[in-house]
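Spelled out, the chains give:
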Amino acid sequence: MPNKAPNPLYFLGLSLASFGAFYWLAKRREATYPASKQPRQNRLTAWHRCMPAIFDKIASALHIRKKQKRSAKPRMSAFTTPAFDNSKVTVIFVLGGPGAGKGTQCANLVQDFDFCHLSAGDLLRAEQNREGSQYGEMIRTFIREGQIVPMEVTIKLLENAMRAALTEGRADEGWTDSRGRFLIDGFPRKMDQAMKFDEEVCQSSLVMFFTTTEEEMLKRLMERGKTSGREDDNEESIKKRFRVYKEQTMPVIEYYNNAHKVATIDATATIEEVHEKAKSVVTQLFKGEITRNFSSISCSVTLSLDVLGLILSRLDTKSALTFSRTSKLFHTVATRQAVSSLTLDFARDSYKFKQKRLKAVFDYLLADIPGRLHYVHHLKIVRSCFWDGPFLDTGLVPVLANILENAQNLQTLYLEAMQPLAQRAPAIVNAIVGLPRLEKLKLTEVDSPTPKLLRGLHTTSVRLELEVYQNSTHFRFAELALLQGHNITDLTFSGPGPWGFYHAKLLQEQHIRFPSVRRFRACFVKGDVDTQGSRIIHILKPVFPNLEIFESQIEAGGVWRLHMCSTCCT
Ligand SMILES: Nc1ncnc2c1ncn2[C@@H]1O[C@H](COP(=O)(O)OP(=O)(O)OP(=O)(O)O)[C@@H](O)[C@H]1O
Ligand SMILES: O=c1ccn([C@@H]2O[C@H](COP(=O)(O)O)[C@@H](O)[C@H]2O)c(=O)[nH]1
């Protein structure tokens, strides 16, 4: 039977009926929920729509030239063009706790390198005091409370000040041909500020991070408060600023640290000494010895073998070898240059054989210092490498010092037998302390002088794990006070004995605190437990405020094992 074409009137009727039903339903809903009269999309975006008005108000209060209206499309962050050209404008963020000495050092660096120094705090204070400023009171309240002013205000003030400096037409070094160099002091204080500035204003080349203890910063600020006239240079505001710094600014430093953009400078020394270190960091940056680390690369690049080696060295061994099989050229680079992780552990070999192998490794590493050691990022050396029974092979100790002195990209170092090594070759300690990129340092057989030696560590952000010398009864526990403010994460004692208690008490009484410690392990002999055991936890708790007891048990033989952990570890 032939197919009959359907009558078009059916469709018309059906459409009219559907529309009628839909209209009736919509009317009923409106009567029940009046808010539904507003289109759904509009309701969702009502809040967003009022934001530009708020920004406009801020803009007019800050005398910011009105920008052309943006298109209705939301801005895609990946395609945002920053206000300033990264290749012409150098921005160094200067961070550190309140009173660490940022402003003081910026003033010095301005003399050395013709920077334009912009202090976010100063710009905010100027805006706060500007007659007629609509945001003066708001800024005053935020500053007094140590809180961070909404980022739109601060970023606009910075952008305006940068533009003004660039259009000034300076003829100093670094300022010709539309170039400029800026020290941005006390900014970014919060992650949102960091992201927005990098994305919309200019990518920073480097973060200079000045660090010292809270105690020192408080002392400096109280002294400054006598003459500064700053409303926040009083103890109450300073404490609030410290809290905000730890909670909000430290994550910013960590973020840039992960991007290898941070140069940490110990600011505890004299102004002149700190200045020398800061000057050398900037000199390195301008010489190109510190990479200007821009995160987005939008063009294709040809890799030099050196860069390829570096990339390979970041791969795990298996992937590096797989990669090396793809081409003869890669193979050479991968096998010769890409040793990034080295563990020296010859415990099971005979001493003679061990020595032979160790020498071969050292020869390999030291044969071409810039080429090989450049790629070593992780180094682990266990005790057995140096020991023949009870004897230390002193011949190898200077070789190790040589390696450490030249492995400038080392990020993690695990070194056993710190005390005997340091005693025989102080150069080892100097080399460790001078490692510029160290992120994690684990040392075993630490003795009482070690904390003093480590105080000079290039960066206080290094995560420190210390295992105290086996016979730790004589360890002067209180020496740890020298590392207050350093990032100790792990402490192990095999038997602190009564001295341990005495020193722990000293730390407690002197209000020395180690909030960074995430694990504390110790075992005590029976006599100590009987006489002091119940008190030790009471003494230790305030010293390590973030720890909870994970394990506390007496084993056969009367050894009491105490294991305290931060809650996130348990
Ligand atoms: N290395 C130093 N040794 C001793 N005093 C210092 C040192 N550096 C700075 N000071 C003093 O400490 C005080 C605070 O320094 P500065 O104003 O530079 O700190 P800041 O980090 O900029 O503080 P803020 O974040 O509060 O603005 C000043 O009085 C300064 O003279
Ligand atoms: O990005 C910023 C920088 C500063 N503030 C506020 O200013 C004070 C003082 O800053 P200093 O750098 O110590 O001069 C700070 O405590 C903040 O309240 C800010 O909000 N945003």
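See the structure shown above.
Before going into details, it helps to say that this report is about the structure given with it. (Residues numbered from 1 in each chain as written. Chains lettered and ligands numbered in written order. Predicted model: local features only at pLDDT ≥ 70, side-chain atom pairs only at ≥ 80, totals over all residues. Heavy atoms only, no water.)

**Observations concerning the site of ligand 2**
Part 1 of the argument: Around ligand 2 sit 18 residues in total, of which Arg 125, Gln 147, Val 149, Arg 189 and Arg 230 are the nearest.
Part 2 of the argument: Contacts to ligand 2 include Arg 125, whose side-chain N or O atom sits 2.9 Å from an oxygen atom.
Part 3 of the argument: Here an oxygen atom of ligand 2 sits 3.0 Å away from a polar atom, N or O, in the side chain of Arg 230.
Part 4 of the argument: Relative to its unbound accessible surface of 460 Å², ligand 2 loses 96% to contact with the protein.
Part 5 of the argument: Only helix 4 (120–129) and helix 5 (136–144) provide two or more residues apiece to the shell around ligand 2.
Part 6 of the argument: A total of 4 residues in the shell around ligand 2 trace back to one element, the largest contributor, which is helix 4. (Near = heavy atom within 4 Å. Polar contact = N/O pair within 3.5 Å; in protein donor to acceptor, adjacent residues only side chain to side chain. Areas by Shrake-Rupley, 256 points an atom, 1.4 Å probe, with all protein chains shown as cover. Helix = DSSP H or I, 4+ residues; strand = E, 2+ residues; numbered from the N terminus.)

**Things to note about unusual backbone geometry**
Part 1 of the argument: In this chain, Phe 187 is followed by Pro 188 through a cis amide linkage whose omega measures -5°.
Part 2 of the argument: As for its position among the elements, Pro 188 is in the loop between strand 3 (180–185) and helix 7 (191–201).
Part 3 of the argument: Even without being a glycine, Asp 114 presents a positive backbone phi close to 60°.
Part 4 of the argument: Here Asp 114 lies in the loop between helix 3 (102–113) and strand 2 (116–119).
Part 5 of the argument: We classify Asp 114 as partly exposed; its relative accessible area is 25%.
Part 6 of the argument: One non-glycine residue with positive phi stands out, namely His 511, at about 55°.
Part 7 of the argument: Overall, the relative accessible area of 57% leaves His 511 in the exposed class. (Buried < 20%, exposed > 50% of the residue type's maximum accessible area, 1.4 Å probe, protein only.)

**As for the packing of helix 6 (residues 151–167) against helix 7**
Part 1 of the argument: Viewed as axis vectors pointing N to C, helix 6 and helix 7 meet at an angle of 35°, and their least axial separation amounts to 10 Å. For the crossing formed where helix 6 meets helix 7, the hand is right-handed. Where helix 6 abuts helix 7, its residues Met 151, Thr 154, Ile 155, Leu 158, Glu 159 and Met 162 lie against Asp 192, Gln 193, Lys 196, Phe 197 and Val 201.
Part 2 of the argument: Class assignment of the residues belonging to the contact of helix 6 with helix 7 gives a composition of 6 nonpolar, 2 polar and 3 charged. (Axes fitted to C-alpha atoms, helices over the stretch in contact; angles between N-to-C directions. Left-handed = near helix turned anticlockwise from the far one by under 90°. Contact = heavy atoms within 4.5 Å. Nonpolar A, V, L, I, M, F, W, Y, C, P; charged D, E, K, R; others polar.)

**A few points about the packing of helix 16 (residues 396–406) against helix 18 (residues 426–433)**
In helix packing, the relevant descriptors are the interaxial angle and the interaxial distance, both defined with respect to the helix axes.
Part 1 of the argument: At a closest axis distance of 8 Å, the pairing of helix 16 and helix 18 adopts a crossing angle of 15°. Comparing their axes, helix 18 and helix 16 come out roughly parallel. For the crossing formed where helix 16 meets helix 18, the hand is left-handed. Residue-level contacts link Val 397, Leu 400, Ala 401, Leu 404 and Glu 405 of helix 16 to Ala 427, Ile 428, Ala 431 and Ile 432 of helix 18.
Part 2 of the argument: Grouping the amino acids of the contact of helix 16 with helix 18 by side-chain chemistry returns 8 nonpolar, no polar and 1 charged. (Parallel < 35°, antiparallel > 145°, perpendicular 65-115°, else oblique.)

**Quick look at the pattern of salt bridges**
Part 1 of the argument: A full pass over the atoms with the stated rule returns 25 salt bridges.
Part 2 of the argument: Residue Lys 88 is joined to Asp 177 by a salt bridge in which the shortest nitrogen-to-oxygen separation is 3.7 Å. With a gap of 89 residues between them, Lys 88 in the loop between helix 2 (40–61) and strand 1 (89–96) and Asp 177 in the loop between helix 6 and strand 3 connect regions that are remote in the sequence.
Part 3 of the argument: For Lys 88, a relative accessible area of 24% translates into the label partly exposed.
Part 4 of the argument: Looking at Asp 177, the relative accessible area reads 52%, which means it is exposed.
Part 5 of the argument: As a salt-bridge pair, Asp 233 and Arg 241 come within 3.3 Å of each other at their nearest N and O atoms. (Salt bridge = Lys/Arg side-chain N within 4 Å of Asp/Glu carboxyl O.)

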